[in-house]
Amino acid sequence: MKKLSVSYAMCAVIYLLSASAQAQPVDWERWLASQIKQHPDIIAAREQLQGSEATADAAEQPLYNPELSSELEQVGEENNYRVGVSQTVDWWDRRGAKQQQAAFIRQAAKAQYQQQVMSKTAEALSALVEWRASNEAAIIAQAQKEQLNALLQVAEKRQKAGDIGTIDAELTFLSLSKQLAQVAELEVALQKAESRVRELLPQWTPEKGGIPEDFWPSEPVSITNQELLQHPYVASAQARWKSIKEEAEATRRAAKAEPTFGVNAGRDGGENTVGLTFSIPLNVRNDYSAETRVANRAALEAEARFLAVYRNLRFDWQAAQAAWKRYDEQYRRWLELAHGRVENSADLLESQWRSGDLSTTDYLLALNQRSESLLAGISLEKHTQLALTEVLLHSGQLRAVVLTATKPLN
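It should be emphasised that the depicted structure is a prediction, and the values quoted were computed from it without experimental measurement.

**Q** Can you help me understand the overall build of the protein in this one?
**A** The number of helices and strands found in the protein is 11 helices and 4 strands. Sorting the 410 residues of the protein into buried and exposed places 40% on the buried side. Sequence-distant contacts in the protein: of pairs separated by 6 or more residues, those separated by 24 or more amount to 84%. Per element, the accessible surface of the protein, about 22800 Å² overall, is 52% carbon and sulfur.

Here it is, written out as structure tokens:
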């Protein structure tokens with residue numbers, strides 16, 4: 001008679017949950033980076049980066065162009081004319097402040113782009129984790145359904161033989177009916193998870209699989225204050241603050257009057273003439289102090305936002321680290337408990353049910369608990385890896401993928 005032990009697919013799920021279930025392709029991170037670069041959000045971010053680069057180039061240019069002037073006058077039979085060139089001088093070196101600002105604009109733009117790539121990478125990793133968990137859960141549910149189908153056939157034969165009552169067959173039928181609904185729900189969840197991964201990674205297929213186990217760090221992730229300052233999220237806020245600070249300095253210098261010098265030549269009354277001109281604005285009606293105050297306040301606001309970003313990221317990383325440690329501890333404990341027991345428990349339960357030592361009700365309950373235990377392991381693995389993804393994002397450890405993705409822009 002056909003045994004009702006767990007199917008090969010369910011055994012495979014336990015293997016997938018082990019720490020060394022999947023080998024890492026050498027170029028997996030490079031493949032992931034190439035997929036991230038193709039996403040429309042990253043393409044848009046790259047164009048935004050190029051636009052910021054152009055803004056920085058514009059800020060570095062000289063502030064004033066020379067001006068050409070001409071004058072023509074007819075007095076009697078004489079044609080008088082004059083041609084001149086004038087140049088406003090950047091007396092207070094506003095351009096120097098603008099050049100400093102341009103450097104910070106570039107830093108902020110590159111850090112912001114790296115942060116966007118990191119966020120999209122974390123999104124893709126989370127989607128792969130969700131897909132793998134959904135795939136394993138669907139395998140378990142499908143195997144449970146097949147097992148209940150086989151159990152129902154055996155129960156019906158035993159009922160006809162008088163070994164068990166009608167109620168046992170009915171209980172098996174009810175359990176199978178419930179399992180069909182669960183299979184449908186898990187398969188729909190799997191389809192949604194697969195669509196999400198395909199949206200993020202255009203060339204991904206289920207055959208490509210999930211995240212290689214070697215991708216995850218084997219030790220707790222630590223981060224120093226200096227490393228936190230280099231995190232793209234913090235670095236971008238810091239560079240924006242310094243950029244606005246230099247803009248405030250440029251505004252302060254712009255409030256000061258700057259002279260304009262000129263030279264002209266021409267003819268007047270039949271005589272050649274040469275002249276020099278000088279002009280300077282008189283900031284008596286408007287000294288532009290209000291604009292300076294606005295710029296200074298904007299710089300102070302940007303500094304406060306930078307400090308807030310730095311502080312928030314520190315606490316976010318600590319919270320993610322604590323969550324990961326909790327999940328990892330419970331997941332490792334589950335692996336210890338499940339190792340070698342799930343497979344053996346199926347044979348033991350079936351043997352006791354066939355011998356009459358275990359009622360059909362208790363047998364079905366035990367099978368259900370066994371399935372829930374497997375699903376609990378999948379859930380723990382999923383939440384452990386999702387929490388670890390958050391740790392890698394908040395600590396900046398995903399920069400390796402980011403640097404691969406941003407290499408063509410260097």
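**Q** Quick question: what am I supposed to make of the pattern of salt bridges here?
**A** It is possible for side chains of opposite charge to pair when their charged atoms get near one another. Tallied over the full model, the rule gives 18 salt bridges. Where Glu-53 meets Arg-106, a salt bridge forms, and the shortest distance between an N and an O atom there is 3.2 Å. Linking Glu-53 in helix 3 (residues 40–59) with Arg-106 in helix 4 (residues 94–161), this pair joins segments that are 53 residues apart in sequence. We note that Glu-53, like Arg-106, is buried. We note a salt bridge from Arg-106 to Asp-57, for which the minimum N-O separation is 2.4 Å.

**Q** Any chance you could explain the side chain of Asn-80 here in plain terms?
**A** On the secondary structure map, Asn-80 appears in strand 2 (residues 78–88). With relative accessibility at 7%, the residue Asn-80 sits in the buried group. A polar contact of 3.4 Å, which involves the side chain of Asn-80, links it to the side chain of Asp-268. Sequence-distant contacts of Asn-80, defined by excluding residues within four places in its chain, comprise Glu-71, Leu-72, Glu-73, Val-75, Arg-267, Asp-268 and Gly-269.

**Q** I would appreciate a short explanation of a nonpolar patch on the surface in the present structure.
**A** Nonpolar side chains collect at one region of the surface, where Leu-68, Leu-72, Tyr-81, Val-83, Val-85, Val-263, Val-274 and Leu-276 lie side by side and expose about 870 Å² of accessible area between them. Broken down by secondary-structure element, the contributors of at least two residues to the nonpolar patch are strand 1 (67–75), strand 2 and strand 4 (271–279). Examined against the element boundaries, Val-263 turns out to sit in strand 3 (residues 260–268). A relative accessible area of 44% means that Val-263 is categorised as partly exposed.

**Q** Would you mind showing me how to read the sheet that holds strand 2 here?
**A** Taken in spatial order, the 4 strands make up an open sheet running 1-2-3-4, and their pairing is antiparallel. At either end of the open sheet lies a strand with only one pairing partner, and these are strand 1 and strand 4. Pairwise comparison of adjacent strand axes, ignoring direction, gives a mean angle of 15° for this sheet. Across 8 bridges, the pairing between strand 2 and strand 3 is antiparallel. In the sheet register, Gln-87 faces strand 3, and the bridge partner there is Phe-261.

**Q** Sorry, what's going on with the nonpolar core here?
**A** Residues Trp-28, Leu-32, Leu-201, Ile-211, Phe-215 and Leu-398 are the most contacted members of the largest nonpolar core, which totals 48 residues. Looking at this core, the elements with two or more residues in it are helix 2 (28–37), helix 3, helix 4, helix 5 (166–200), helix 7 (232–254), helix 8 (289–338) and helix 10 (360–395). Beyond its immediate chain neighbours, meaning those up to four positions away, Leu-201 contacts Trp-31, Leu-32, Gln-35, Ile-36, Ala-124 and Leu-128.

**Q** Help me understand unusual backbone geometry in this model?
**A** Leave glycine aside and you will find that most residues have negative phi; peptide bonds, for their part, are mostly trans. With a phi close to 55°, Asp-93 is a non-glycine residue in the positive phi region. Along the chain, Asp-93 turns up in the loop between strand 2 and helix 4. The exposure class assigned to Asp-93 is partly exposed, which follows from its relative accessible area of 40%. A positive phi angle is found at Tyr-288, which is not glycine, with a value near 60°. In this structure, Tyr-288 sits in the loop between strand 4 and helix 8. Residue class for Tyr-288 comes out partly exposed when judged on its relative accessible area of 36%.

Definitions and cut-offs
Residues numbered from 1 in each chain as written. Predicted model: local features only at pLDDT ≥ 70, side-chain atom pairs only at ≥ 80, totals over all residues. Heavy atoms only, no water. Helix = DSSP H or I, 4+ residues; strand = E, 2+ residues; numbered from the N terminus. Buried < 20%, exposed > 50% of the residue type's maximum accessible area, 1.4 Å probe, protein only. Contact = heavy atoms within 4.5 Å. Areas by Shrake-Rupley, 256 points an atom, 1.4 Å probe, with all protein chains shown as cover. Salt bridge = Lys/Arg side-chain N within 4 Å of Asp/Glu carboxyl O. Polar contact = N/O pair within 3.5 Å; in protein donor to acceptor, adjacent residues only side chain to side chain. Patch = residues over 30% accessible without salt bridge, like charges linked within 9 Å, V, L, I, M, F, W, Y side chains within 5 Å. Pairing = 2+ DSSP bridges. Axes fitted to C-alpha atoms, helices over the stretch in contact; angles between N-to-C directions. Core = buried A, V, L, I, M, F, W, Y, C linked by side-chain atoms within 4.5 Å.

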